[in-house]
Amino acid sequence: MQDISILYVSSNARELHSWIAVLNNECIGNINLQIEPNKKIKFLDAWVHKDYRRKGVYRQLWDTRWDYVQQHYKDYKVYAWCKPSSLPLLLEKGFKKGETCIYVEKIIEDIKPPFEQCFVSC
C-alpha cells in the first residue's frame, strides 16, 4: 500500500476525537472515539473508502486510535458496538464479547389526528 498519513483531528466538542487516513491529499478513511463520564471511552464509527478496503487502512486507523488511548487514558474502560467483520480485531485486542444487537428501521410518517387513524363504522 502507498504511504498513508494518519492525521489526528480534535473537534473541541463533545469530547470527540477523530483520525483520518489521507492518501494523495484525499481522505480515504476515518475513525472516532468519544470520552464519556466515569472514565469510559466509546469507540465510535469507522469508515474506509470502498477502493481501499481490505488493504490494511482500517487496521492502521484502529491501531493509531488504540495507541492514543493507551498513552492518554490509563484505567479507563473502553467499549464499542461493532459489525461482525470488526469483531475479530476487537477480540484480538482483548475485548470481551457482550450482547448481540439487531438493527431495526422505520420511515417517519406524518402524524394524523386520532380520529383519522382508526376507522369506525356502525
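Report follows, based on the coordinates. Bear in mind that the values here come from a model prediction, so they are computed numbers and not experimental data. (Residues numbered from 1 in each chain as written. Predicted model: local features only at pLDDT ≥ 70, side-chain atom pairs only at ≥ 80, totals over all residues. Heavy atoms only, no water.)

## What to know about the packing of aromatic side chains
- In the structure shown here, the tally under the stated rule is 11 aromatic pairs.
- Plain terms: the ring middles of Phe43 and Phe95 are 6.2 Å apart, the flat faces sit at 45° to each other, and that makes the pair tilted. Here the residue Phe43 occupies a position in strand β4 (residues 40–48), and Phe95 occupies one in the loop between α2 (87–92) and α3 (114–117), the gap between them amounting to 52 residues.
- For Phe43, a relative accessible area of 3% gives the class buried.
- Feature note: the residues Tyr8, Trp19, Tyr68, Tyr73 and Tyr76 constitute an aromatic cluster, connected by ring pairs.
- Looking at Lys40, its charged tip hangs above the ring of Tyr79, at a distance of 5.0 Å from the centre.
- Sitting over the face of the ring of Phe43, Arg65 holds its NZ or CZ atom 3.7 Å from the ring centroid. (Phe/Tyr/Trp six-rings, centres within 6.5 Å; stacked < 30°, edge-to-face > 60°. Helix = DSSP H or I, 4+ residues; strand = E, 2+ residues; numbered from the N terminus. Buried < 20%, exposed > 50% of the residue type's maximum accessible area, 1.4 Å probe, protein only. Lys NZ or Arg CZ within 6 Å of the ring centre and 35° of its normal.)

## Things to note about the pairing of strand β3 (residues 26–36)
- Taken together, the eight bridges between strand β2 (residues 16–23) and β3 define a ladder with antiparallel strand orientation. When the sheet's bridge partners are listed, Trp19 is paired in β3 with Ile31.
- Hairpin connection of β2 to β3: two residues between the antiparallel strands, including Asn24 at a positive phi of 55°.
- Pairing of β3 with β4, which is carried by seven bridges, proceeds in the antiparallel orientation. (Pairing = 2+ DSSP bridges.)

## Considerations on the sheet that holds strand β5 (residues 77–80)
- As summarised here, the arrangement of the five strands in space is β1-β2-β3-β4-β5, forming an open sheet in which the pairing is mixed. Of all the strands in the sheet, the pair left with one neighbour each is β1 (5–10) and β5. Taking the axes of each pair of neighbouring strands and ignoring which way they run, one obtains an average angle of 25° across the sheet.
- This element, helix α1 (residues 57–72), spans β1, β2, β3, β4 and β5 of the sheet and lies at about 160° to β4. (Axes fitted to C-alpha atoms, helices over the stretch in contact; angles between N-to-C directions. Contact = heavy atoms within 4.5 Å.)

## Notes on the pattern of salt bridges
- Tallied over the full model, the rule gives two salt bridges.
- Linking Arg59 and Glu92 is a salt bridge whose minimum nitrogen-to-oxygen distance equals 2.9 Å. Here Arg59, found in helix α1, pairs with Glu92, found in helix α2; they are 33 residues apart in sequence, far enough to count as distant.
- Residues Asp63 and Lys93 are paired through a salt bridge, measuring 3.4 Å at the closest nitrogen-oxygen approach. (Salt bridge = Lys/Arg side-chain N within 4 Å of Asp/Glu carboxyl O.)

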